[in-house]
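Residue-level structure breakdown
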Amino acid sequence: MAQQFKPASTVKTTAQAAKPASKTTATESVQFIFDKSNYRLLIISVAVVAFGFVLMSGTTDIYSTTKIVIAPIVVLGGFALGFFAILKKPSTN
């Protein structure tokens, strides 16, 4: 008789079958994706982007250097900082 194929994800080893499924206890350490510094940089980047949009707002003098040049550079800098905050590896302490 031919053997049936079972996917690897459904096959349990003897150690897995004997061990009951346990919930996460207080003694186990939870590993987060981001570190505290990542979140701090992300919040700073959101503030920088918001500040850039505040610089762009207003109704008078739509052709000012602040609205046309400086504010978009500040917004792009905020987005770049956010991109860096997401890609920065957490410290291994």
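Per-chain numbering applies: the sequence of each chain, read as written, is numbered from 1 onward. Whole-chain, interface and lining totals are the exception, using all residues; otherwise, since this is a predicted model, local features are given only for residues with pLDDT of at least 70 and side-chain atom pairs are given and counted only at 80 or more. In computing side-chain properties, one takes all heavy atoms of the structure into account and sets aside hydrogens as well as water.

Within an unreviewed UniProt entry, the label attached to the chain reads DUF3098 domain-containing protein, and the organism entered is Mucilaginibacter sabulilitoris.

Some thoughts on the packing of helix α2 (residues 36-56) against helix α3 (residues 65-87)
At a closest axis distance of 8 Å, the pairing of α2 and α3 adopts a crossing angle of 165°. Looking at the two axes, α2 sits roughly antiparallel to α3. When you trace α2 past α3, the crossing you get is left-handed. When its residues are assigned to classes, the contact of α2 with α3 shows 19 nonpolar, six polar and one charged. Every axis in this analysis is a line fitted to C-alpha atoms, fitted for helices over the stretch in contact. Angles between the N-to-C directions lie between 0 and 180 degrees. Secondary structure elements are defined from DSSP: runs of H or I of at least 4 residues count as helices, runs of E of at least 2 residues count as strands, and each element is numbered from the N terminus. Throughout, the term roughly parallel applies to angles under 35 degrees, roughly antiparallel to angles over 145, roughly perpendicular to angles from 65 to 115, and oblique to all others. Each crossing gets its hand from how the near helix is turned against the far one by less than a right angle, where anticlockwise is left-handed and clockwise is right-handed. When residue character is reported, Ala, Val, Leu, Ile, Met, Phe, Trp, Tyr, Cys and Pro are called nonpolar, Asp, Glu, Lys and Arg charged, and the others, Gly included, polar.

Details of the environment of A47
Checked against the element boundaries, A47 lands in helix α2. Put simply, A47 and V75 are 28 residues apart on the chain and 9.7 Å apart in space, counted from C-alpha to C-alpha.

Examining unusual backbone geometry
Among all residues save glycine, negative phi is the norm, and among peptide bonds the norm is trans. A positive phi angle, close to 50°, is found at D61, a residue other than glycine. Along the chain, the position of D61 falls in the loop between α2 and α3.

Comments concerning the UniProt feature "transmembrane region" (unreviewed entry) in the chain
UniProt positions are given in the numbering used here, feature names are shortened, and annotations may be inferred rather than shown by experiment. Mapped onto this numbering, the UniProt entry annotates "transmembrane region" (unreviewed entry) at residues 39-56 and 68-87. In residues 39-56, the share of helix is 100% and the share of strand is 0%. The end C-alpha atoms are 26 Å apart. Between the first and last C-alpha atoms of residues 68-87 the distance is 29 Å; the span itself is 100% helix and 0% strand.

Observations regarding a nonpolar patch on the surface
The grouping of I62, Y63, I68, V69, I70 and I73 at the surface amounts to a nonpolar patch, some 620 Å² of accessible area in total. The residue I62 is located in the loop between α2 and α3 in this model. To count toward a patch, a residue needs a relative accessible area over 30% and no salt bridge; like charges are then connected within 9 Å, while nonpolar side chains (Val, Leu, Ile, Met, Phe, Trp, Tyr) are connected within 5 Å. The protein chains shown are the only cover counted for residues, whose accessible areas, like all others here, come from Shrake-Rupley with a 1.4 Å probe. Criterion for a salt bridge: a side-chain nitrogen of Lys or Arg within 4 Å of a carboxyl oxygen of Asp or Glu.

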